[in-house]
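As a plain string of letters, each chain reads:
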Amino acid sequence: MPPTKRSDEISSRIGVGFLGAGPVTQAIHLPSLSRLTDLFEVTHVMDVDADVAAAVASRVDAASSTSMDQLLGDPRVEVVAICSPHKFHAAQVIAACRAGKKAVLCEKPFAVSAEEAAEIASVSAETGVPIVVGAMHAFDPGWLAAEKLWETLPETAHTIRVSVVLPPNARFEDFATEVIARPAGGWPDYSDPEVIAATLEGGVLGLAIHDLPLVRRFVPTFDDLQVLRAEVVRPWGYVFLLRAGGRTIELSASVNATWKPDWTLEATGPDSTLRVTFTPSYVQAGSAVAEFTAGGLTKVAGPFDHNGYEGEWRRIAGIVHGTEEAPEAGALIEDLRFALVTVDGARAHVLEAAV
Amino acid sequence: MSTLTKHYTVDTHSVPGLSETVASLPLSLAPAGQEPAQLAAIAGTPGWLERTREALDGGALAAVVSSPSAADGILSLPTDFAQRAIVEWSFASNPGLQTAAEATSSLRETAVFADIELRVPTETNFDDVLLDVLIAAGRVFGSMSPVRSLHRDKAGWHLASWLRGQASDVPVSFSIIATDAAPATLRLRLLTQDGGLSASVPSPATAEPAEVRITGPDGERLLPTLWETSRRVSWRRAVAVAAGEAVSDDLSELDGAISLAPKGMG
């Protein structure tokens, strides 16, 4: 479908193209960008389903297509946002870099293997195209404020805990927007250890990964990572206990029918503790609140007026305008490797326990 | 005793901090002075079972054991003695947890996950506090499988179990975390298919109430807050036992908790 905007329209705003127009694009990024219309305009939406692409594009008066090449060939697309299924991420990030775009925002995980991640880093370095991974909590103003509060905690923390309790995604997608073409839901059958292992992998790469880059701030090394516990929480969720770099890491999640979300990260050391309470995904509910306690004194930061998704886009605008640094590719790769090592360890743990 | 001086005597020197409790129950308790105490205060350090037996054998009407360590032969205590032995736990005896325990009986069938976390000062001997955690978990979560130790070092102790009697596996996580950042506290959660219960129990040094919340499809409810320390509750129970108005089953519960704990306690 041809662009609905005049091709000679001059805009100082940054043009954004979306690869994939599912719930993440509809319920997260388009609402976020609607709050940043002074910085961005959505110029192109691609989806393999032409009707979905056209319908979503029409909401923002953008062009639509069913082909990545068409989107990458569109000169009005300056930043590519990759919101497709995980398995397509790496190839699409590389293609966007090679197309000479100004920046790439890729939903987490940005690759599903260390090899893919290394290839992405290589292409990013070769082309100079900055990559931002959509780990929104890392861009949340509440988290960024925590970094300024936490003193020596990254060096002294011995226990890191992330707990997530959420209603199914659809609940918050519906609070954020009206979603079309939502994937079918349902819960796994846990009688098969392979299903358990696959569920845990999905848990790490689909949910825990939001916070693993944050966890890694307190875990200096993870070559010695051990999975001491890896179990599913019904109907969907997980509980992990990890040891890495001398730290203990507890990750738990329960997605159930509750109406009350709770998303908390805590890092504790001998003299201080940090608690960051995040708002749920999808809704524009402002930032996390960070509480840092030492010696019985608690300092609180937040809430601030925007969440991590908006923070991602603000960062991208800064990168494109040259006022902010792009994330270092090596750190992104290590974040991903941390997730993949956890997945591998969890799988081995589950399958060994089943024998 | 007149109605204004109906009290039982206590040796306030036998357990640190007991004077405060006696002062808070002046119609029920009084310092024993030079006379043998009617209510025995027993420190829970090793040998507490023998000391309890001796106190009751020596005429004490009831004995309050503070944070007992693991011991063998608990069930060998005569029933009459066992029914007059009250265990005072720093956290599990908090009145808010009793409220939580009553509230969760209807939630356990739909439980999906449970966790309990105790934060204690650094240098705490984790063996000394694990039984408190297990008793609290047992009261709120219900029956559990034997607890496995996953990792232990000076910074913390992490353990795992399952809730028994559920249609499907319900993991339980236990954490004891050493930090001086803030006063000791116990937190626990029982998550269900559509909500659950959470409790935050403050340091036993304060009468600040535990905060217990139940979340369900209709909303969230803060259970009534009770401004009483674990110790005061325990001594009120001792008074009731001494008066023949109640019997204690605490030692049986303790023996059950010891049987769940990892062998050798780490």
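Each chain has its residues counted from 1, following the order in which its sequence is written. Going through the entries in the order they are written, you letter the chains from A and number the ligands from 1. Side-chain atom pairs in this predicted model are given and counted only at pLDDT of 80 or more, local residue features only at pLDDT of at least 70, and totals for whole chains, interfaces and linings cover all residues.

Our focus in this paragraph is the domain arrangement of chain B. Residue and element names in this part refer to chain B. Domain start and end points were adopted from an automatic or database domain assignment. Entries for chain B in the domain assignment read domain 1 (8-90 + 230-265) and domain 2 (95-222). Here the C-alpha centroids of domain 1 and domain 2 sit 24 Å apart. Any residue pair is listed as a contact if its two C-beta atoms, each placed from the backbone, are within 7 Å. Listed per partner, the contact involves 16 residues of domain 1 and 15 residues of domain 2. Put simply, DSSP H or I for four residues or longer makes a helix, DSSP E for two residues or longer makes a strand, and each gets a number counted from the N terminus. Of all the secondary structure elements, the ones that give two or more residues to the side of domain 1 that touches domain 2 are α6 (230-242) and α7 (250-260). Grouping the amino acids of the side of domain 1 that touches domain 2 by side-chain chemistry returns 10 nonpolar, four polar and two charged. When residue character is reported, Ala, Val, Leu, Ile, Met, Phe, Trp, Tyr, Cys and Pro are called nonpolar, Asp, Glu, Lys and Arg charged, and the others, Gly included, polar.

Right, let's get into the sheet that holds strand β2 (residues 40-46) of chain A. Strands belonging to one sheet form pairs held by backbone hydrogen bonds; the direction of such a pair is parallel or antiparallel. All names here are of chain A. Should DSSP find at least two bridges between two strands, the strands are taken to pair. Sheet architecture is open: six strands sit in the order β3-β2-β1-β4-β5-β6, paired in parallel fashion. Because the sheet does not close on itself, it has two edges, and the strands there are β3 (63-65) and β6 (131-133). Looking at each pair of strands side by side, their axes are set apart by 20° on average, direction ignored. Pairing of strand β1 (residues 14-19) with β2 involves six bridges; the strand directions are parallel. Within the sheet, the bridge partner assigned to V16 lies in β2 and is V42. Along the sheet face, helix α2 (residues 50-59) touches β2 and β3 and points at about 165° away from the line of β3. Axis definition: a line fit to C-alpha positions, over the contact stretch in the case of helices; interaxial angles, taken between N-to-C directions, run 0 to 180 degrees.

Residue and element names in this part refer to chain A. For L144, the position within the fold is in helix α6 (residues 141-149). Counting other C-beta atoms within 10 Å of its own, a residue is labelled buried from 20 upward, exposed at 12 or fewer, and partly exposed in the gap between, with every C-beta atom placed from the backbone. Assessed through the 18 C-beta atoms surrounding it within 10 Å, L144 is described here as partly exposed. Separated by 92 residues in sequence, L144 and V52 have C-alpha atoms that sit 36 Å apart.

Across the contact, 26 residues belong to chain B and 29 residues belong to chain A. Elements with a minimum of two residues in the side of chain B that touches chain A: β6 (111-120), β7 (148-153), β8 (156-162) and β9 (171-178) of chain B. Per-element tally for the side of chain B that touches chain A: the top contributor is β9(B), with five residues.

Below, the discussion takes up the domain arrangement of chain A. The figure often quoted for interface size is the accessible area lost as the parts come together. Residue and element names in this part refer to chain A. Taken domain by domain, chain A comprises domain 1 (14-133) and domain 2 (138-354). Its C-alpha centre places domain 1 at a distance of 23 Å from the equivalent point of domain 2. With 37 residues of domain 1 at the interface, the matching set in domain 2 holds 31 residues. Looking at the side of domain 1 that touches domain 2, the elements with two or more residues in it are α1 (23-34), α2, β5 (103-106), α5 (114-127) and β6. Counting residues per element, the side of domain 1 that touches domain 2 draws most heavily on α1, which supplies eight residues.

What follows deals with the sheet that holds strand β14 (residues 297-301) of chain A. Residues and elements named next belong to chain A. Taken together, eight strands build an open sheet; the order of strands is β8-β9-β10-β7-β11-β12-β13-β14 and the sheet is mixed. The outermost strands of the open sheet, each flanked by one partner alone, are β8 (226-232) and β14. Each strand of the sheet is rotated relative to its neighbour by a mean of 10°, with strand direction disregarded. Running at roughly 70° to β8, helix α12 (residues 329-354) makes contact with β8 and β9 (236-244) of the sheet.

Residue and element names in this part refer to chain B. Helix span is expected to be 1.5 Å times the residue number reduced by one. Here helix α5 (residues 126-141) is 16 residues long and its end C-alpha atoms lie 21 Å apart, about the 22 Å a rise of 1.5 Å per residue gives. Taking burial as the measure, the 16 residues of α5 include 12 buried ones, the bulk of the element. All of the buried residues in α5 are V129, L130, L131, D132, V133, L134, I135, A136, A137, R139, V140 and F141. Elements in contact with the buried residues of α5: α4 (95-104), β6, β9, β10 (185-192) and α7. Following α5 by one or two positions, G142 adopts a phi angle in the positive range, close to 95°.

Another aspect to go through is α6(B). All names here are of chain B. Given a rise of 1.5 Å per residue, 13 residues ought to cover 18 Å, and the 18 Å separating the end C-alpha atoms of α6 matches this to within 8%. Among the 13 residues of α6, 10 are classified as buried, and the element is accordingly described as predominantly covered. Taken residue by residue, α6 has S230, R231, R232, V233, S234, W235, R237, A238, V239 and V241 as its buried positions. Two residues or fewer after α6 comes G244, characterised by a positive phi angle close to 75°.

For the rest of this paragraph, the subject is the packing of α1(A) against helix α11 (residues 308-320) of chain A. Residues and elements named next belong to chain A. Across the interface, α1 lies against α11 with an axial gap of 9 Å and an inter-helix angle of 60°. For the pair α1 and α11, the crossing hand works out as right-handed. Contacts from I28, H29, S32 and L33 in α1 reach Y309, E310 and W313 in α11. By the definition used in this description, the sense in which the near helix is turned from the far one sets the handedness, with an anticlockwise turn below a right angle giving left-handed and a clockwise turn giving right-handed.

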